[in-house]
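Examining the three-dimensional arrangement
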Amino acid sequence: MHLTDTRVAHQDNGWRIDFVGDDGEAVTVHVADGAYVDEGVAVERARAIMVQLTPFGTRGGARSLNAYDAASNGNFDDDQPLFDTRH
């Protein structure tokens, strides 16, 4: 998803931040305690939440095992070799 728009709305129970991609898909983050932060802080908190969710779906949600895996593009499909191997 290539981010093209960020929509911010203040609600009674906090902030709603929608990260919208060029294909129309969107990810919504709710930031609590809306009365205590302004719009800019809410967007920064939402971005931090997204970074924390990055490992979701990889290795059961656990952190990367090592620096190589952390820098990887995450292509761990069984049908594709990890390296350019020839037999």
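Our subject in this report is the structure included herewith.

It is worth spelling out the overall build of the protein at this point. A count of helices and strands for the protein gives two helices and three strands. Listing the helices and strands of the protein from first to last along the sequence gives β-β-β-α-α. Sorting the 87 residues of the protein into buried and exposed places 17% on the buried side. Sequence-distant contacts in the protein: of pairs separated by 6 or more residues, those separated by 24 or more amount to 17%. Summing over all exposed atoms, the protein offers an accessible surface of approximately 6900 Å²; the carbon and sulfur share of this is 50%.

Turning our attention to the sheet that holds strand 2 (residues 14–21). The strand order across the open sheet built from three strands is 1-2-3, with neighbouring strands paired in antiparallel fashion. Both outer strands of the open sheet, strand 1 (3–11) and strand 3 (26–31), are each paired with one neighbouring strand and no more. Ignoring which end each strand starts from, the neighbouring axes of this sheet average 15° apart. In terms of strand pairing, strand 1 meets strand 2 through eight bridges, oriented antiparallel. Its bridge partner being in strand 2, Gln11 is matched across the sheet by Gly14.

For the structure on display, the rule yields three salt bridges. Its salt-bridge partner being Arg7, residue Asp5 comes within 3.0 Å of it at the nearest N-O pair. According to the relative accessible area criterion, Asp5 is partly exposed, its value standing at 30%. Two residues, Asp18 and Arg16, come together in a salt bridge whose shortest N-O distance is 3.2 Å. In this structure Asp18 comes out as buried when scored by relative accessible area, which is 13%. Judged by its relative accessible area of 36%, Arg16 falls in the partly exposed class.

It is worth spelling out the environment of Gly24 at this point. With respect to the secondary-structure elements, Gly24 resides in the loop between strand 2 and strand 3. In this structure the C-alpha to C-alpha distance between Gly24 and Asp5, which are 19 residues apart in sequence, comes to 9.9 Å.

Rules and cut-offs
- Residues numbered from 1 in each chain as written.
- Predicted model: local features only at pLDDT ≥ 70, side-chain atom pairs only at ≥ 80, totals over all residues.
- Heavy atoms only, no water.
- Helix = DSSP H or I, 4+ residues; strand = E, 2+ residues; numbered from the N terminus.
- Buried < 20%, exposed > 50% of the residue type's maximum accessible area, 1.4 Å probe, protein only.
- Contact = heavy atoms within 4.5 Å.
- Areas by Shrake-Rupley, 256 points an atom, 1.4 Å probe, with all protein chains shown as cover.
- Pairing = 2+ DSSP bridges.
- Axes fitted to C-alpha atoms, helices over the stretch in contact; angles between N-to-C directions.
- Salt bridge = Lys/Arg side-chain N within 4 Å of Asp/Glu carboxyl O.

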